[in-house]
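Reading the structure
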Amino acid sequence: MINKRVASVTEALQGVRDEMTFMLGGFGLCGIPENSIAELVRLGIRDITCISNNAGVDDFGLGLLLRKRQIRKMISSYVGENDEFERQMLSGELEVELTPQGTLAEKCRAAQAGIPAFFTPAGYGTEVAEGKETREFEGKMYVMEEAFRADFSIVKAWKGDEAGNLIFKGTARNFNPCMCGAAKITVAEVEELVPAGELDPNQIHIPGIFVQRIFRGDHYEKRIEQRTVRKR
């Protein structure tokens, strides 16, 4: 069995360079690849395109890359809680492609499955459909969407093994599974990394065939964007 474990995040991200396209898992701050994002910031690569549901917050997640002006284009479903994202978008500093959330997920999954394009009713009759092929099926109009094409897919999982098999925990599952195998190289950072064979096959969400590199991350903050608690 192929051992896909690498020693560090630095080794995991070997080969990244300016102007590449990256998929990054997570939803808000939940399930984001914290270690890998920090490494991208440290490397200082520029003019990159990021495909992610949103861009974190001003001082965490993809917000760190935005603050350093490393992202040229964001492909996401909404601006979220990131004021810097909003400012750069409105000022024209940042190119933004807003995509319906379900379409964003399906464009990832299509890339994962090797499907070049698909039809969806989402966005028909809106700016989303401008310049795209439309077609009628059984009396309903659909928009053709192409699968994403990315250089690196970077995901975060709770537990993984050296063969690249992954288990996600709770809502951190979000966009991470459909981004695995959806790019030329998939990098997985995990909280716990075990030898191949230790994971229960019935609990594995993503088989190792979709992952090229895996490493154990550390010092996860797991911030919460909006904390709501009951009154004492």
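None of the values given here were measured: they were computed from a predicted structure.

**Observations concerning the nonpolar core**
Counting residues in each nonpolar core, the largest one holds 30 residues, and the members touching the most others are Val16, Phe22, Leu24, Leu40, Leu62, Ile71 and Met74. Listed by contribution, the elements that provide at least two residues to this core are helix H1 (9-12), strand E1 (21-24), helix H2 (34-43), strand E2 (48-51), helix H3 (63-67), strand E3 (71-76) and strand E8 (152-161). Not counting chain neighbours up to four residues away, the residues in contact with Leu62 comprise Leu24, Ile37, Cys50, Ser52, Asn54, Ala55, Ile71 and Met74. In this structure, Leu104, Phe118, Leu193 and Ile214 belong to the second largest nonpolar core, which totals 27 residues.

**Remarks on the packing of aromatic side chains**
Going through the model one piece at a time under the given rule, you end up with five aromatic pairs. Between the aromatic rings of Phe119 and Phe137, the centroid separation amounts to 5.2 Å while the plane-to-plane angle is 65°, which identifies the pairing as edge-to-face. Pair noted here: Phe119 is in strand E5 (residues 117-120) and Phe137 is in strand E6 (residues 134-137), with a separation of 18 residues, a long-range link. Its relative accessible area of 36% is what places Phe137 among the partly exposed residues. When the centroid spacing of 5.4 Å and the interplanar angle of 80° are considered together, the rings of Phe137 and Tyr142 count as edge-to-face. Chaining the aromatic ring pairs together yields one cluster made of Phe27, Tyr78 and Phe175. Taking NZ or CZ as reference, Lys107 lies 4.8 Å from the ring centre of Phe148, over its face.

**Remarks on the sheet that holds strand E7 (residues 140-146)**
Pairing in this open sheet of three strands is antiparallel, and the strands run E5-E7-E6 from one edge to the other. What marks the edges here is a single partner per strand, and that holds for E5 and E6. For this sheet, the mean inter-axis angle between neighbouring strands, taken without regard to orientation, is 35°. Judged from the four bridges that link them, E5 and E7 form a sheet pairing that is antiparallel. Note that in E7 the partner of Ala117 across the bridge is Glu146.

**What to know about the pairing of E8**
In terms of burial, E8 is a largely internal element, nine of the 10 residues being buried. Of the strand pairs in this sheet, E1 and E8 are connected by three bridges, and their pairing is parallel. Paired with Met23 across the strands is Ser153, a residue of E8. Sheet topology places E8 next to strand E10 (residues 185-194); nine bridges connect them, and they run parallel. Bridged to Val155 within E10 is Ala188.

**Some points on helix H4 (residues 83-91)**
Residues of H4 that are buried include every one of Glu84, Phe85 and Gln88, and no others. Along the long axis of H4, the arc covered by the buried residues comes to 105°, so they all point the same way. Packed against the buried residues of H4 are H3, E3 and strand E4 (95-98). Phi turns positive one or two residues past the end of H4, at Gly92, with a value near 85°.

**Considering the pattern of salt bridges**
For the structure shown, the criterion picks out 20 salt bridges. Notably, a salt bridge pairs Glu93 with Arg87, separated by 2.7 Å at the nearest N-O pair. Across the pair Lys184 and Asp151 runs a salt bridge, and its minimum N-O distance is 3.4 Å. Taken together, the residues Lys184 in the loop between helix H6 (176-179) and E10 and Asp151 in the loop between E7 and E8 connect sequence positions 33 residues apart. In this structure Lys184 comes out as exposed when scored by relative accessible area, which is 65%. Residues joined in a network through salt bridges with shared partners are Arg69, Glu84, Arg87 and Glu93.

Here is what the cut-offs are and how they apply
Residues numbered from 1 in each chain as written. Predicted model: local features only at pLDDT ≥ 70, side-chain atom pairs only at ≥ 80, totals over all residues. Heavy atoms only, no water. Core = buried A, V, L, I, M, F, W, Y, C linked by side-chain atoms within 4.5 Å. Buried < 20%, exposed > 50% of the residue type's maximum accessible area, 1.4 Å probe, protein only. Helix = DSSP H or I, 4+ residues; strand = E, 2+ residues; numbered from the N terminus. Contact = heavy atoms within 4.5 Å. Phe/Tyr/Trp six-rings, centres within 6.5 Å; stacked < 30°, edge-to-face > 60°. Lys NZ or Arg CZ within 6 Å of the ring centre and 35° of its normal. Pairing = 2+ DSSP bridges. Axes fitted to C-alpha atoms, helices over the stretch in contact; angles between N-to-C directions. Arc of directions from axis to C-beta. Salt bridge = Lys/Arg side-chain N within 4 Å of Asp/Glu carboxyl O.

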